[in-house]
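Chain by chain, the residues run as shown.
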Amino acid sequence: MSGTLLRLVCTAAVAAQVLLVPAPATAAPEPPAAQDRSVAALLTDLQKLYREAERSTETFNATAEKLREGRAETARLNAGLARARLDLHASRGDAGRLARRQYQSSSGLSPYVRLLLARDPQHALDQGHVIGRLARDAAGTVDRLTGSEHRADGLARAARKALNAQLALSARQKKERDDVEGRLAEVEELLASLSADRLAALAALEQDRTAGAQREFEDSGALGDARTPTGEGDRAVRYAVRQLGKPYEWGAAGPAAYDCSGLTSQAWDRAGTPIPRTSQEQWARLPHVPLDELRPGDLVVYFPDATHVALYLGDGKVVQAPRPGARVKVSPIAANPVLGAVRPDPGGEPLARYSPPRLPPEAAQGPDKGYASPSGPPPTSL
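Scope of this entry: the structure provided in the associated data block. Please read all numbers here as calculations on a predicted model, not as lab measurements.

Within the protein chain, the regular secondary structure consists of nine helices and six strands. Buried residues in the protein chain amount to 41% of all 382 residues. Relative to all contacts within the protein chain whose residues are 6 or more apart in sequence, the contacts with residues 24 or more apart total 78%.

Laid out in structure tokens, this is it:
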């Protein structure tokens, strides 16, 4: 979840209320519950709701990733099972031909007895080699048949198990999707209850808090000297900067919209270093790096449960997909409580020279100016 504020676009919501009321164009009064709360309390409530929504989103993303891997595993097993069944069919054909050959060549004397009674020693020796080869071929045919049966049975069991796991993940994903939508509905309800003045007051309060947190962060000396990125880090930064202005959409990983970890994972994937999909996995699996050693391209992870992530731009700023209703933007690094940082390319060599990407004039350079509706379509493909 991002603690920064979004651009104030609630005027559209106010206009919609006007269309439903025949009286003069004024916003509906706030319910008593909202009126009784202070701006600080409202801000705390909204931040909590957004954080819970993003936690649910990252849980959904983790399940979606497992489901994607499960589908790939199921496809791999099914392909292997198809090949094993073809091998089994061929082995059964070989076994059938062997049985017919043995039946057709059967007589009162075994080949070994006939070999002992042979008059020509050389001929007998040659026949012995032939009999040995035929015996080995027969044994190989039986072994192949047995192995093909075992392999086909094992793959069939594994494919059934993978399919059952996939069905269970699909059911769990649906519940998690419903949870995200429920959390966002709570945000919608609270935002709809607030007037434009209250939203502006919320924006001003959070902007003051963010500015104060950034000053405190910088004064603490947590950030070290400026560093240059690696070649891959530079490509990740430039990719993220090109996404500025695109909307946040939960569960999305581009190219039209992103959530927080969707942006960071796609930036590094395009840079040539695939990383885990979710913020929790990025925090858990990527090498940690001290904040005073941050370089552009590193990932800054937020909140104790690692539910938000951004890409470090340099100069105390990050590129992030803040939260539902917002757009990809540049923010102060301390816009949210920092948990730590990770580095996708720890072995990379920093560039000798580095020119930061040029930011478009419309790129936000701090907290957003207000709250926007978090509603939006759920992800249609995973």
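Still more ground to cover, so stick around.
Take the packing of helix H7 (residues 231-242) against helix H8 (residues 260-271) next. Running from amino to carboxyl end, H7 crosses H8 at an angle of 130 degrees, the nearest separation of the two axes being 8 Å. With respect to H8, the element H7 is oriented oblique. Considering the relative orientation of H7 and H8, their crossing is right-handed. Contacts from Glu232, Gly233, Arg235, Ala236, Tyr239 and Ala240 in H7 reach Leu263, Gln266, Ala267, Trp268, Arg270 and Ala271 in H8. Residue classes in the contact of H7 with H8 are distributed as seven nonpolar, two polar and three charged.

Ranked by internal contacts, the top residues of the largest apolar core, which has 32 residues, are Trp268, Leu299, Leu311, Val319 and Val328. Secondary structure elements with two or more residues in this core: helix H3 (39-104), helix H5 (121-192), H7, H8, strand S2 (299-302) and strand S3 (308-314). Excluding residues within four positions of it along the chain, Trp268 makes contact with Glu232, Gly233, Ala236, Thr273, Pro274, Ile275, Gly297, Leu299, Leu311, Pro344 and Asp345.

Once that is clear, we can look at H8. For H8, built from twelve residues, the straight-helix expectation of 16 Å at 1.5 Å per residue is met to within 8% by its first-to-last C-alpha distance of 17 Å. Here H8 lies mainly inside the structure; ten of its twelve residues are buried. Along H8, the positions that sit buried rather than exposed are Cys260, Ser261, Gly262, Leu263, Thr264, Ser265, Gln266, Ala267, Trp268 and Ala271. A positive backbone phi angle near 105 degrees is found at Gly272, which sits one or two residues after H8.

Moving on, we get to the pattern of salt bridges. Inspection of the entire model under this criterion finds twelve salt bridges. The closest approach of N and O atoms between Arg55 and Asp305, which form a salt bridge, is 2.9 Å. One end of the pair, Arg55, is in helix H3; the other, Asp305, is in the loop between S2 and S3, with 250 residues separating them in the sequence. You can call Arg55 partly exposed: its relative accessible area is 31%. The shortest N-O distance in the salt bridge between Arg295 and Asp345 comes to 3.4 Å. Of this pair, Arg295 sits in the loop between strand S1 (288-289) and S2 while Asp345 sits in the segment after strand S6 (338-342), and the two are 50 residues apart along the sequence. Owing to a relative accessible area of 6%, Arg295 belongs among the buried residues under this scheme. Put simply, Arg51, Arg55 and Asp305 are held in one network by salt bridges that share partners.

What counts as what
Residues numbered from 1 in each chain as written. Predicted model: local features only at pLDDT ≥ 70, side-chain atom pairs only at ≥ 80, totals over all residues. Heavy atoms only, no water. Helix = DSSP H or I, 4+ residues; strand = E, 2+ residues; numbered from the N terminus. Buried < 20%, exposed > 50% of the residue type's maximum accessible area, 1.4 Å probe, protein only. Contact = heavy atoms within 4.5 Å. Axes fitted to C-alpha atoms, helices over the stretch in contact; angles between N-to-C directions. Parallel < 35°, antiparallel > 145°, perpendicular 65-115°, else oblique. Left-handed = near helix turned anticlockwise from the far one by under 90°. Nonpolar A, V, L, I, M, F, W, Y, C, P; charged D, E, K, R; others polar. Core = buried A, V, L, I, M, F, W, Y, C linked by side-chain atoms within 4.5 Å. Expected span 1.5 Å × (residues − 1). Salt bridge = Lys/Arg side-chain N within 4 Å of Asp/Glu carboxyl O.

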